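# Inside the fold
Residues per chain, in single letters:
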Amino acid sequence: RMVRERPELYQRGYQALNQPLPTTIYEAGLTLVLGDAVSKIVKEAAPDVIVATHPNYLAPLKMVFTTTGRAIPTLTVITDMGDVHLMWFNEVSALTFVPTQRVYDLALKMKLPPEKVRITGIPVNHELGDDRRSRADVRAALQLDPGRTTLLVVGSQRVNNLMNAVRVLNHSNLPIQLIVAAGGDDETYAELQATEWHVPVRLYNFTSEMPTLMRAADAIVFKAGGFIVNEALAAGLPLLLINVIEGQETGNAEYVVENGAGEVAETPLEFLEAVYHWLSGDQQLLQERARNARRAGRPHAAYDVAELAWALAAGQEIPES
C-alpha cells in the first residue's frame with residue numbers, strides 16, 4: 001500500500017536504511033520483533049536447510065542460531081538485480097545466490113567470502129525456459145489471432161499507471177492484440193472490463209498461467225520488479241517497463257536497458273514512441289530485443305539453487321563455482 005500510495009516516502013525510507021549504521025539498527029529491531037516467531041518456526045519445523053528469499057529474516061535467524069548453539073545451513077536468494085539492500089549480505093548464509101555480476105561485486109564489497117557467493121540468476125518457473133510450443137498454437141488455444149503481434153500487459157496493486165499504458169495501446173491503431181492481467185487488483189480489473197476495446201483483448205484479474213501467457217506474447221509491459229523481470233528474460237520477452245521504484249527497482253531496470261532487452265517508458269508519450277519503434281517496419285528492433293532478452297535470461301536458476309540446497313540438506317560437500 002505504501003509503494004502504491006506514497007512511493008516517494010517508500011523510496012526515502014529504503015534509501016535512508018541502506019547504510020551500514022541504519023541497517024544495523026533496523027536489523028536489531030527486526031530481531032526483537034521477529035526473533036520469537038522465527039525461533040518457534042525453526043524449532044517446530046526442524047529443517048535440514050533454510051532458503052531465505054527476503055532479507056528481513058536473516059538477522060533474526062542469526063540470533064536464533066547464536067542462542068541455540070545450532071546453526072542450520074541457510075541459503076539466501078537475492079531477488080533484486082542492482083544496488084540491493086545491505087541487509088541481504090549477512091554472514092549467517094552458507095551460500096548467497098545473486099542474480100548478476102553487479103550484485104556479486106557488491107556482495108564481495110560487503111565482506112562476504114567469494115566461495116559463499118554464486119551467480120545463478122533469480123529462480124523462476126522452469127516452464128518459461130522449457131516451453132517449446134509455438135506462439136501460434138498457444139494464441140489459438142487462448143482464442144486469439146495466431147498471427148497477430150501480441151503484447152502482454154501485467155499489473156498489480158503496486159502499479160498505478162497500468163491504465164495509461166492500456167489506453168495508449170487501445171487507441172494506437174497499431175496491428176496488435178492484447179493480453180491484460182490486473183494481478184488481483186479488483187478496481188483495475190473492473191475498469192478493464194468497462195473499457196470500450198478497439199483491439200482484440202483477453203482479460204484476466206489474477207492468473208496462475210503466466211508461463212502460458214508469456215509464451216503467447218511477443219513482448220511484455222509491466223513494472224520493474226525483480227521476479228517478473230527475470231521471468232520475462234527467461235521467456236525471451238522484450239520488456240517495456242512502465243513503473244520503476246527508485247532504489248529497490250532501479251537496478252532491475254538498468255539491467256534490462258544495459259543488456260538491450262527493453263526500455264523504460266514511464267509516460268504515455270515515451271510508451272507510445274517505444275511501442276511504435278518496436279513494431280515499425282519488419283519489427284527488427286522487437287526481434288533484436290527478444291534475442292537480447294534470451295541472452296540475459298537464466299531460465300534454469302531454480303534448478304541450480306535447488307541442487308545446492310539439496311546438497312547442504314544432505315550434508316554433502318558443496319562443489320566450487
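Coordinates for the structure precede this section.
Predicted model, so just to flag it, every value in this text is computed and none were measured. (Residues numbered from 1 in each chain as written. Predicted model: local features only at pLDDT ≥ 70, side-chain atom pairs only at ≥ 80, totals over all residues. Heavy atoms only, no water.)

### So, the overall build of the protein chain
The test is simple: Where helices and strands are cited, they refer to DSSP runs of H or I of at least four residues and of E of at least two residues respectively, numbered from the N terminus. The atom set for the radius of gyration is the C-alpha atoms, and the globule formula is 2.2 Å times the number of residues raised to the power 0.38. Burial status follows relative accessibility: with a 1.4 Å probe on protein chains alone, a residue under 20% of its type maximum counts as buried, one over 50% as exposed, and anything between as partly exposed. We call two residues in contact when some of their heavy atoms are within 4.5 Å. For the accessible areas, the method is Shrake-Rupley and the probe is 1.4 Å, while residue cover comes only from the protein chains on display.
Across its full length, the protein chain carries 15 helices and ten strands. Its C-alpha atoms give the protein chain a radius of gyration of 21 Å, near enough to 20 Å, the size a compact globule of 321 residues would have. Over its C-alpha atoms, taken along the principal directions, the protein chain stretches across nearly 65 × 40 × 35 Å. For the protein chain, the proportion of its 321 residues judged to be buried stands at 50%. For the protein chain, the proportion of contacts with a sequence separation of at least 24, taken over those separated by at least 6, is 61%. When the accessible area of the protein chain is evaluated, it comes to approximately 15800 Å², of which 52% is carbon and sulfur surface.

### Brief notes about the side chain of Asp131
To be explicit about the condition: Pairs of N or O atoms are called polar contacts if they sit within 3.5 Å, as long as, within protein, a hydrogen donor faces a hydrogen acceptor (for residues adjacent in sequence, only side-chain-to-side-chain pairs).
In this fold, Asp131 is placed in the loop between α6 (127-130) and α7 (135-141). A distance of 2.7 Å separates polar atoms of two side chains, one belonging to Asp131 and the other to Arg133.

### Brief notes about the packing of helix α13 (residues 268-279) against helix α14 (residues 284-296)
Quick note on the threshold: Axes here refer to lines fitted to C-alpha atoms; in helices the fit is confined to the stretch in contact. Angles between the N-to-C directions go from 0 to 180 degrees. Angle categories are assigned with fixed cut-offs, so that under 35 degrees is roughly parallel, over 145 is roughly antiparallel, 65 to 115 is roughly perpendicular, and the rest are oblique. Throughout, the ten residues Ala, Val, Leu, Ile, Met, Phe, Trp, Tyr, Cys and Pro are labelled nonpolar, Asp, Glu, Lys and Arg are labelled charged, and all others, Gly among them, are labelled polar.
Close contact between α13 and α14 brings their axes to 5 Å; oriented N to C, the two are set at 95°. In terms of their interaxial angle, α13 and α14 are classed as roughly perpendicular. Along its contact with α13, which presents His277, Trp278 and Leu279, the element α14 presents Leu285, Leu286 and Arg289. Here the contact of α13 with α14 is built from residues that sort into four nonpolar, one polar and one charged.

### With respect to the nonpolar core
Where we set the bar: Remark: nonpolar core denotes a set of buried residues (Ala, Val, Leu, Ile, Met, Phe, Trp, Tyr, Cys) joined through side-chain atoms within 4.5 Å.
One finds Leu152, Met214, Ile220, Phe222, Leu233 and Leu239 to be the most contacted residues of the largest nonpolar core, which totals 36 residues. Going through the elements one at a time, β5 (149-154), β6 (176-181), α10 (210-216), β8 (219-223), α11 (226-234), β9 (239-243), α12 (250-258) and α14 are the ones with two or more residues in this core. Broken down by element, this core gets its largest block of residues, five residues, from α11. Setting aside chain neighbours within four positions, we find Leu152 in contact with Ile179, Met210, Leu213, Met214, Ala217, Ala219, Ile220 and Val221. Formed by 27 residues, the second largest nonpolar core is a distinct cluster that contains Ala165, Ala219, Leu240 and Phe271.

### What to know about empty space enclosed by the protein
In this approach the atoms are scanned with a rolling probe the size of a water molecule, which exposes any empty space left behind. Rule in force here: In the cavity and pocket records, a cavity denotes points on a 1 Å grid over the protein atoms alone where a 1.4 Å probe fits but cannot get out, a pocket denotes an open set with protein on both sides within 12 Å along at least 5 of 7 lines, and lining residues are residues with an atom within 4 Å of a point. Grid points are joined across faces, edges and corners, and a volume is the space filled by probe spheres set on the points.
Under the defined criterion, the tally for this structure stands at one cavity of 30 Å³ or more. Here the largest cavity defines a volume of roughly 40 Å³. Every residue along the wall of the largest cavity is listed here: Met81, Pro99, Gly121, Asn230, Leu233, Tyr255, Ala296, Gly297 and Arg298. Of the residues in the lining of the largest cavity, the class split is five nonpolar, three polar and one charged.

### Quick look at the pattern of salt bridges
Formally: Salt bridges, as used here, are contacts in which a Lys or Arg side-chain nitrogen is within 4 Å of a carboxyl oxygen on Asp or Glu.
Throughout the structure, instances matching the rule amount to eight salt bridges. The residue Glu263 makes a salt bridge to Arg289 at a minimum N-O spacing of 2.6 Å. Remark: Arg289 occurs in helix α14 and Glu263 occurs in strand β10 (residues 262-264); sequence separation between them is 26 residues. On the accessibility criterion, Glu263 (21% relative accessible area) is partly exposed.

### Considering the pairing of β9
Formally: Strand pairing follows a simple DSSP-based rule, namely that at least 2 bridges must link the two strands. A right-handed crossover is one whose linking path, passing over the helix from the first strand to the second, runs clockwise when the strands point away from the viewer.
Judged by how many residues are buried, β9 sits mostly within the fold: five of five residues are covered. Of the pairings in the sheet, the one linking β8 to β9 comprises four bridges and is parallel in character. Note on β9: the bridge partner recorded for Phe222 is Leu241. The parallel pair β8 and β9 is bridged by α11, and the resulting crossover is right-handed. Relative to β10, β9 is paired through three bridges, and the arrangement is parallel. Among the inter-strand pairings, Leu239 is bridged to a residue of β10, identified as Gly262. As for the winding sense of the linkage, the β-α-β connection from β9 through α12 to β10 is right-handed.

### Regarding α11
Counting buried positions over the nine residues of α11 gives seven, a clear majority of the element. Positive backbone phi, at 70°, marks Gly236, one or two positions downstream of α11.

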